[in-house]
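Summary of the model geometry
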Amino acid sequence: MSDENRFPDEQREAVYRVIAERRDVRRGFRADPVPADVLGRVLAAAHQAPSVGFSQPWDFIVITDRARRERIAALARRHAGQYADELPGARARAFDRLKIESILDTPVNVVVSCDRTRGGRHTLGRRTQPKTADFSSVLAVANLWLAARAEGLGVGWVSFFDERELAAELGLPPHLEVIAYLCVGYVTEFAPEPELATAGWARRRPVAWAVHAEQFGRRGLPGEEPVDPLAEVIAAIAPPDATAMAAAAERQDRMTKPRGSLGLLEDVSVRLAGLAGTCPPPLPEPACVAVFAGDHGVHAQGVSPWPQEVTAQMVANFLAGGAVVNAFAAQAGAEVTVVDVGVAAELEPLPGLLPRKIAPGTADFTEGPAMTREQAVAALTVGLEVARDLVAAGNRCLITGDMGIANTTASAALICAFTGADPAEATGRGTGIDAATYARKIDVVCRGLARHRPDPADPVGVLAAFGGFEHAALAGFILGGAALRVPVILDGVIAGAAALAAAALAPAAVGACFAGHRSAEPGHAVTLDHLGLRPLVDLGLRLGEGTGAVLALPLVQSAARALRDVATFDSAGVADKSM
Ligand SMILES: Cc1cc2nc3c(=O)[nH]c(=O)nc-3n(C[C@H](O)[C@H](O)[C@H](O)COP(=O)(O)O)c2cc1C
């Protein structure tokens, strides 16, 4: 029998229970001391953790002294303050409400360290993977955390430290690393869910997203057919909730203002309610702009006055916080994330950069398809996974951004393919080009269309023929947001071209889209008409990066807030118009 070594049911259930009910605890600690025998059992459990080559690299430093804990708490507070200073608006407000350490609220603190040299040079397994020493100490933490839960002890992990500063306070020899700082004590209760989930800071990813069959990307739970993430997301996109929309429209009519006086914002609020399935809808914050960056083979046709290297240089600028989108995002309280889906340069790993390169630039679509179908699907998948991850990280509004020299040419071709528009009507001057370059650009689009004869009923084929990797990824990003019923504010013509692809794959995805602005590019008006979206801002912008969409963020947020906060005639005792 395969289960002869299995624990009896009750014991097995206890194991799963302790795993499910382990919590990171920061509130509700009681002052009662932790008896030595209980702490001893918990530390012995930690000491039974698996370790690389059985090197047992951990040590446990038990701290109870109040003065020492006060000094340590001051170290943590300083770093938490620095972290808070870097957060965008809504995140900073949410962080303010969180409790991130209980150093002084708990009677005992335990530091778990790691000796990466313990066991000498022949420690089995550590030679090729030095990090396995740290992993082993982390497993000791996990054992401690679980055993503590079974004893009714809460544990909170604090990581707001400069590691060497803390090591000095603890008198750690230089060859030891601090792995974890744990605050331990009895608590009044254990929360059923992580506090960060309850506070809306982040969500639990479904286990099905984390399990892959045989190869990365074939997601599926054991016993189930592996799901193709794109097909799964498309299947999950549903039309807006008619009941919530009707409730929102009805509430708008009862709000203390003349009917219809909020113009387009009333429509936005109704659509937000339909998307969320509730009235009033949640405020679309925090918000994150994802700037998808890629290069284009069609650049070789001389369609842009800018050298291709500018794509990579602007990515560096976004990451340094120096671009217009950074300024606008800082003003609007949004986060900026940059996704390399196809920049034709090696990019340094930097905080805020998601390295998801499919290839270093597309091929020239006048000579052949810009990408293979497999690459188009891979880029779509990148986009939808970025959307999922940003929503799991707590964002309630997604904003499209893009960077790619020559991407207005690819956009024009996509717009013609999806809407049937004439290349002369859909092609614009992009960053600003002279008459000769403009004529060449239209000719390039015409030649591309003649060569590929795109079928709008095959959106992946159209993306593969003309798209930039950023177009395909943006289409996936829109689909991902729509499947999670989170609003997606679209920027200009590049996002519009991507939205046409998303709408061709899943028409109901348009329900999640809000047109941030109308770009000066002529193809954008054609696109918005085709999608049936009205732009919120019309300032003659033609920059891209997500700038126009970020400017519309406060409008979308205000539309939701009005529906939530404005009194109704009956509740405020204000007389309604008699007829
Ligand atoms: C490596 C690591 C570092 C952490 N650092 C902190 C921290 O500095 N402050 C904090 O409040 N929680 C910290 N946590 C706790 C996590 O926020 C918590 O585990 C997560 O929200 C999931 O909640 P749960 O542990 O209750 O399931 C840390 C957790 C881990 C694994």
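Before reading further, recall that the structure is shown in the block above.
The structure contained in this document is the topic of the report that follows. Everything quoted here is computed from the prediction, not taken from an experiment. (Residues numbered from 1 in each chain as written. Predicted model: local features only at pLDDT ≥ 70, side-chain atom pairs only at ≥ 80, totals over all residues. Heavy atoms only, no water.)

Things to note about the site of the ligand
Selection criterion: We call a residue near a molecule or strand as soon as one heavy atom of that residue lies within 4 Å of the molecule or strand. Definition of a polar contact: a pair of N or O atoms within 3.5 Å, with one able to donate and the other able to accept a hydrogen when the atoms are protein atoms, and with sequence-neighbouring residues admitted only if both atoms are side-chain atoms. The protein chains shown are the only cover counted for residues, whose accessible areas, like all others here, come from Shrake-Rupley with a 1.4 Å probe. Each residue receives one of three labels: charged for Asp, Glu, Lys and Arg, nonpolar for Ala, Val, Leu, Ile, Met, Phe, Trp, Tyr, Cys and Pro, and polar for the others, Gly being one of them.
The environment of the ligand is formed by Arg22, Arg23, Asp24, Arg26, Lys99, Ile100, Trp157, Val158, Ser159, Phe160, Pro194 and Leu196. Arg23 places a polar side-chain atom, nitrogen or oxygen, 2.8 Å from an oxygen atom of the ligand. Residue Ser159 places a main-chain N or O atom 2.6 Å away from an oxygen atom belonging to the ligand. Contact with the protein chains covers 73% of the free accessible surface of the ligand, which is 620 Å². Considering only residue class, the shell around the ligand consists of 6 nonpolar, 1 polar and 5 charged.

So, the packing of helix H15 (residues 407-419) against helix H21 (residues 522-531)
Helices that pack against each other are described as a pair by the angle of their axes relative to one another and the distance between those axes. Stated formally: For helices, the fitted line uses only the C-alpha atoms of the stretch in contact; every axis is such a line through C-alpha atoms, and the angle between N-to-C directions lies from 0 to 180 degrees. Secondary structure counts use DSSP, requiring at least four H or I residues in a row for a helix and at least two E residues in a row for a strand, with both numbered from the N terminus. Left-handed describes a crossing in which the near helix is turned anticlockwise from the far one by less than a right angle; the clockwise case is right-handed. We call two residues in contact when some of their heavy atoms are within 4.5 Å.
Relative orientation of the contacting elements H15 and H21 amounts to 35°, with a least axis distance of 10 Å. Note on packing geometry: the crossing formed by H15 with H21 is left-handed. Between H15 and H21, the contacting residues are Ile415, Phe418 and Thr419 on the first element and Gly523, Val526, Thr527 and His530 on the second. Of the residues assigned to the contact of H15 with H21, the class counts are 3 nonpolar, 4 polar and no charged.

Examining the layout of surface pockets
How we decide: With a 1 Å grid laid over protein atoms only, a set of points is called a cavity when a 1.4 Å probe fits there but cannot get out and a pocket when it is open yet has protein on both sides within 12 Å along at least five of seven lines; lining residues have an atom within 4 Å of a point. Grid points are joined across faces, edges and corners, and a volume is the space filled by probe spheres set on the points.
The space that makes up the largest pocket amounts to roughly 630 Å³. Lining the largest pocket are 22 residues, and of these Glu86, Pro88, Glu335, Val336 and Gly352 lie nearest its centre. Going through the elements one at a time, helix H12 (309-320), helix H13 (324-332) and strand E6 (335-342) are the ones with two or more residues in the lining of the largest pocket. Considering each element in turn, the lining of the largest pocket owes the most residues, 4 residues, to E6. Volume-wise, the second largest pocket comes out at about 500 Å³. Of all elements in the fold, only H12, strand E8 (397-403), H15 and helix H20 (493-505) reach the threshold of two or more residues within the lining of the second largest pocket.

A word on the packing of H20 against H21
To keep it simple, the criterion reads: For classification purposes, an angle smaller than 35 degrees is called roughly parallel, one larger than 145 roughly antiparallel, one from 65 to 115 roughly perpendicular, and anything else oblique.
Look at H20 against H21: their axes get within 9 Å of each other, and the N-to-C directions meet at 30°. Regarding the angle of H20 to H21, the classification is roughly parallel. The two elements H20 and H21 cross, and the hand of that crossing is left-handed. Listed contacts from H21 to Val493, Gly496, Ala497, Ala499, Leu500 and Ala503 of H20 are Gly523, His524, Thr527, His530 and Leu531. Class assignment for the residues of the contact of H20 with H21 results in 6 nonpolar, 5 polar and no charged.

Some details on the sheet that holds strand E5 (residues 287-294)
To keep it simple, the criterion reads: Strand pairing follows a simple DSSP-based rule, namely that at least 2 bridges must link the two strands.
The strand order E7-E6-E5-E8-E9-E10 describes an open sheet built from 6 strands, whose pairing is parallel. Edge positions in the sheet fall to strand E7 (353-355) and strand E10 (513-515), since each has one partner strand and no second. Averaged over all pairs of adjacent strands, the angle between strand axes in this sheet comes to 30°, irrespective of strand direction. In terms of strand pairing, E5 meets E6 through 7 bridges, oriented parallel.

Let's talk about the side chain of Asp134
The condition is simple: Each residue's exposure class comes from its accessible area (1.4 Å probe, protein chains only) as a fraction of the maximum for that residue type: buried when under 20%, exposed when over 50%, partly exposed otherwise.
The topology assignment puts Asp134 in helix H5 (residues 132-150). Residue Asp134 is classed as buried on the basis of its relative accessible area, which comes to 15%. Within the structure, the side chain of Asp134 is placed 2.7 Å from the side chain of Arg116, a separation counted as a polar contact. Setting aside chain neighbours within four positions, we find Asp134 in contact with Cys114, Arg116 and Ile179.

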